[in-house]
Amino acid sequence: MKRIILLVMAVTLMACGGSKTIRDSKKVMKGNWTLNSISYSEAGTYNVTLLNDVSKACFEGSTWQFVPNNNTGIYSIGKYACETGDRHFIFTIDEINKQTGLYDFLLKPTNEKHKSETKQGFRLRLASLSDTAMQWQQTVSVDGKPFTITMNFTKS
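The structure reproduced in this document is the subject of the present report.

Thresholds, definitions, all that
- Residues numbered from 1 in each chain as written.
- Predicted model: local features only at pLDDT ≥ 70, side-chain atom pairs only at ≥ 80, totals over all residues.
- Heavy atoms only, no water.
- Helix = DSSP H or I, 4+ residues; strand = E, 2+ residues; numbered from the N terminus.
- Buried < 20%, exposed > 50% of the residue type's maximum accessible area, 1.4 Å probe, protein only.
- Areas by Shrake-Rupley, 256 points an atom, 1.4 Å probe, with all protein chains shown as cover.
- 1 Å grid on protein atoms, 1.4 Å probe; cavity = no way out; pocket = protein on both sides within 12 Å on 5 of 7 lines; lining within 4 Å.
- Points joined across faces, edges and corners; volume = space filled by probe spheres on them.
- Nonpolar A, V, L, I, M, F, W, Y, C, P; charged D, E, K, R; others polar.
- Salt bridge = Lys/Arg side-chain N within 4 Å of Asp/Glu carboxyl O.
- Disulfide = S-S within 2.5 Å.
- Polar contact = N/O pair within 3.5 Å; in protein donor to acceptor, adjacent residues only side chain to side chain.
- Contact = heavy atoms within 4.5 Å.
- Core = buried A, V, L, I, M, F, W, Y, C linked by side-chain atoms within 4.5 Å.

1. Describing the overall build of the chain
Line of reasoning, step 1. When helices and strands are tallied, the chain shows three helices and ten strands.
Line of reasoning, step 2. For the chain, buried positions account for 35% of its 156 residues.
Line of reasoning, step 3. Of the roughly 9,700 Å² of accessible surface on the chain, a fraction of 54% belongs to carbon and sulfur atoms.

Okay, structure coming up:
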């Protein structure tokens, strides 16, 4: 009977652990990253506030730290003339395509204790991930048409 209970517990724990793709991606994401550039799918000048925080110009050059074992992180804005400082967040990953390994994830701003004050989150698509580079995409609607914001990171 003990063996059956242990087997059921082991299967339950493995089922809750997430897919291999997500676990591997979390290992790659772990650590420090720099957001080098942000681009838009349409040409033009846009006044975009990313993550309801600061402008594109302030985000470029920001540093990010991901702690996947508890799905938390911090990004830091350090540019002159921007609202500088650390911002805390939590993130969750939802696998969407087992063949490509690409998935959506939800980034939710929090306070220092990782509690959300606004209950607001942002759905982003992981477009690519390697040991040295990561790309996120967020699609929003502008004048009723899809508009994609692309964020390119390098591992620090």
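2. Let's talk about the layout of surface pockets
Line of reasoning, step 1. Considering only enclosed or pocket space, the largest pocket measures out at about 170 Å³ in volume.
Line of reasoning, step 2. The wall of the largest pocket is formed by Leu51, Asn52, Asp53, Tyr75, Asp86, Arg87, His88, Pro109, Thr110, Thr118, Gln120 and Phe122.
Line of reasoning, step 3. When residues of the lining of the largest pocket are assigned to their parent elements, the largest contribution, three residues, is made by strand S6 (residues 85-95).
Line of reasoning, step 4. Of the residues belonging to the lining of the largest pocket, the class tally is four nonpolar, five polar and three charged.

3. What about the pattern of salt bridges?
Line of reasoning, step 1. For the structure on display, the rule yields one salt bridge.
Line of reasoning, step 2. A salt bridge links Arg87 to Asp53; its shortest N-O distance comes to 2.9 Å. Remark: Asp53 occurs in the loop between strand S2 (49-50) and strand S3 (54-55) and Arg87 occurs in strand S6; sequence separation between them is 34 residues.
Line of reasoning, step 3. Assessed through its relative accessible area of 13%, Arg87 is described here as buried.
Line of reasoning, step 4. Take Asp53: its relative accessible area is 22%, and that puts it in the partly exposed class.

4. A word on the state of the cysteines
Line of reasoning, step 1. Under the defined criterion, the tally for this structure stands at one disulfide.
Line of reasoning, step 2. Note on cysteine connectivity: Cys58 is disulfide-linked to Cys82, with sulfurs 2.0 Å apart. Its S-S torsion of about -90° marks the bond between Cys58 and Cys82 as left-handed, since a negative value means left-handed. Taken together, the residues Cys58 in helix H3 (residues 56-59) and Cys82 in the loop between strand S5 (72-77) and S6 connect sequence positions 24 residues apart. Neither Cys58 nor Cys82 differs from the other in exposure class; each is buried.

5. Quick word on the side chain of Arg87
Line of reasoning, step 1. A polar side-chain atom of Arg87 sits 2.9 Å from a polar atom in the side chain of Asp53.
Line of reasoning, step 2. Of note is the side chain of Arg87, whose polar atom sits 3.0 Å from the backbone oxygen of Gly85.
Line of reasoning, step 3. For Arg87, the contacting residues outside a window of four places in its chain are Asp53, Val54, Gly73, Ile74, Tyr75 and Ile77.

6. Considering the nonpolar core
Line of reasoning, step 1. Ranked by size, the top nonpolar core spans 31 residues in total, and within it Phe59, Trp64, Phe66 and Trp136 carry the most contacts.
Line of reasoning, step 2. Those residues in contact with Trp136 that sit more than four places away from it in its chain are Trp64, Phe66, Phe105, Leu107, Leu124, Arg125, Leu126, Ile149, Thr150, Met151 and Phe153.

7. Concerning unusual backbone geometry
Line of reasoning, step 1. Positive phi outside glycine occurs at Asn71, with the angle close to 55°.
Line of reasoning, step 2. Along the chain, Asn71 turns up in the loop between strand S4 (63-67) and S5.
Line of reasoning, step 3. In the Ramachandran plot, His114 falls in the positive-phi region, its phi being about 65° despite a non-glycine side chain.
Line of reasoning, step 4. On the secondary structure map, His114 appears in the loop between strand S7 (103-110) and strand S8 (122-129).
Line of reasoning, step 5. Accessibility expressed as a relative area gives 29% for His114, which makes it partly exposed.

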